[in-house]
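Structure at a glance
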Amino acid sequence: MALFFPDLLVELVKTLKIKTSGLDRPWVVFLQKENPKRKTPNSYTRINGASSAARALNIMPGHTLTSARAKVRRLDIVKFPEARLRLELACLAEQALALAPCVGFELARSIVWVEVGDCAHLYRSENDSTGEITFVRRLSELLAPSQHRMRMAIADGPRLAAASAMYAPENKEVHITPGGQPADAFGHLPILAWGLSDETRERLVNFGVSKIKQVQTLPSQDLRDRLQPEEWSLLPLLEGKDD
C-alpha cells in the first residue's frame, strides 16, 4: 500500500512558517540537503513543491526552475531542509505502525509504504470481504490529525501502488486495484506513471502515446527497442507484475 502526500512540502512550509509573506503569490520549494555542494538552486534544478498559485500557472514539482520562470516573471523560492521532511515522513510511518506490521517511506516522492497483506484480513466483515476498505478507513482516521492531504492506493506491489496513488484520477483519494486485475488498472494510468526517463517518455508522447494501455499491446521486443536498457526492468509492470 502506498500513501502519497502530494502537497506535503507546501503544507510544512506554511505550518512551520518558513515563508510568512507573499503566500498568495506563486512560489516553489526546493529541498535543501544537509551538506549541499551548491547552496543556491540553479536554472536546471528541479522543483520539489509548488504553491497553489504556481500550480495554477502549470508550474509543477519536477519542472526545472528555468521552465517555471518562463511562465511567471516573479517567482519566490523557498528552501526547505531535507532532514525536516525526512522527520515528518518518519513520524507518519511510525503512526501507521499502530495498524500494520511493516512500514517505510520514500523521501523523493513523499510516499509512505504500508504492508497490508498480513493484516487486512483482521478487518474483514460481511460488508468488506477482504478487510481492505475498513483498513483504509482506520488508517485515514489515524493520520487525520496531521491535516496532510493524502492519496492512498492498494495494489499487487509497491511500484503499482505508488503509480495508482500518484496518478489515478484526482477525484479518487483512495484507489484499490481489484484482485486479479492489476494490468488493467495500470493500463488506465497516464504514461507518466510508468517511471520512464524524460527522454523516453517524450519520445513515446511524440508517437501519440498518452496512456499506458497504448503500449501494453505492443510486442515485448518492440518495447525493448524503444526503451533504454536500464528501463527494461519496468516491462513486467505492463502485465501487472511487481515483485
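Residues numbered from 1 in each chain as written. Predicted model: local features only at pLDDT ≥ 70, side-chain atom pairs only at ≥ 80, totals over all residues. Heavy atoms only, no water.

To continue, consider unusual backbone geometry. Even without glycine at this site, K17 takes up a positive phi of about 55 degrees. The residue S110 is not glycine, and still its phi comes out positive at about 55 degrees. Locating S110 in the fold gives a position in the loop between strand 5 (103–106) and strand 6 (111–114). You can call S110 buried: its relative accessible area is 9%. (Helix = DSSP H or I, 4+ residues; strand = E, 2+ residues; numbered from the N terminus. Buried < 20%, exposed > 50% of the residue type's maximum accessible area, 1.4 Å probe, protein only.)

Inspection of the entire model under this criterion finds one aromatic pair. Relative to F135, the ring of Y123 has its centre 5.7 Å away and its plane inclined at 65 degrees; by these criteria the two rings are edge-to-face. With a gap of 12 residues between them, Y123 in the loop between strand 6 and helix 5 (132–143) and F135 in helix 5 connect regions that are remote in the sequence. Considered together, Y123 and F135 belong to a single accessibility category, that of buried residues. For R224, the ring lying beneath its charged end belongs to W232, and the centroid distance is 4.7 Å. (Phe/Tyr/Trp six-rings, centres within 6.5 Å; stacked < 30°, edge-to-face > 60°. Lys NZ or Arg CZ within 6 Å of the ring centre and 35° of its normal.)

Side-chain alternation along strand 6 places I111 and W113 on one buried face and V112 and V114 on a second face that is also buried. Pairing analysis gives four bridges linking strand 5 to strand 6, with the strands arranged antiparallel. The residue of strand 6 that forms the bridge with F105 is V112. What sits between the antiparallel neighbours strand 5 and strand 6 is a turn of four residues, in which S110 has the positive phi angle 55 degrees. (Pairing = 2+ DSSP bridges.)

Helix-helix packing is described using two parameters, namely the angle between the two axes and the distance between the axes. Between helix 1 (residues 8–15) and helix 4 (residues 82–96), the shortest axis-to-axis distance is 11 Å and the interhelical angle comes to 105 degrees. Relative to helix 4, helix 1 is oriented roughly perpendicular. Contacts between helix 1 and helix 4 pair L8, L9 and L12 from the former with L85, E88 and L89 from the latter. Classifying every residue of the contact of helix 1 with helix 4 by side-chain character gives five nonpolar, no polar and one charged. (Axes fitted to C-alpha atoms, helices over the stretch in contact; angles between N-to-C directions. Parallel < 35°, antiparallel > 145°, perpendicular 65-115°, else oblique. Contact = heavy atoms within 4.5 Å. Nonpolar A, V, L, I, M, F, W, Y, C, P; charged D, E, K, R; others polar.)

Spatial ordering of the open sheet is given by 3-2-4, a layout of three strands whose pairing is mixed. Each having just a single partner strand, strand 3 (49–50) and strand 4 (76–81) make up the two edges of the open sheet. By the bridge criterion, six bridges tie strand 2 (residues 27–32) to strand 4 in an arrangement that is parallel. By the bridge assignment, L31 is partnered in strand 4 with F80. Helix-sheet contacts for helix 1 involve strand 2, strand 3 and strand 4, and the interaxial angle to strand 2 is about 95 degrees. Against the sheet, helix 4 engages strand 2 and strand 4, with an angle of about 60 degrees to strand 4.

This next bit is on the nonpolar core. Core analysis: the largest hydrophobic core is formed by 33 residues, its most contacted members being M1, L3, V114, F135 and L139. Leaving out residues up to four positions away in the same chain, V114 has contacts with M1, L3, A96, A100, C102, V103, F135 and L139. Grouped together as the second largest cluster of nonpolar side chains are 29 residues, I111, W113, A153 and V209 included. (Core = buried A, V, L, I, M, F, W, Y, C linked by side-chain atoms within 4.5 Å.)

Attention now moves to the side chain of E231. Mapped onto the secondary structure, E231 falls in the segment after helix 10 (220–226). Here E231 occupies a buried position and makes no salt bridge, while the nearest side chain of opposite charge, R203, is found at 5.6 Å. At a separation of 2.9 Å, a polar atom in the side chain of E231 contacts the side chain of T200. Filtering out sequence-adjacent residues up to four positions away, E231 remains in contact with L196, S197 and T200. (Lys, Arg positive; Asp, Glu negative; His and termini not counted. Salt bridge = Lys/Arg side-chain N within 4 Å of Asp/Glu carboxyl O. Polar contact = N/O pair within 3.5 Å; in protein donor to acceptor, adjacent residues only side chain to side chain.)

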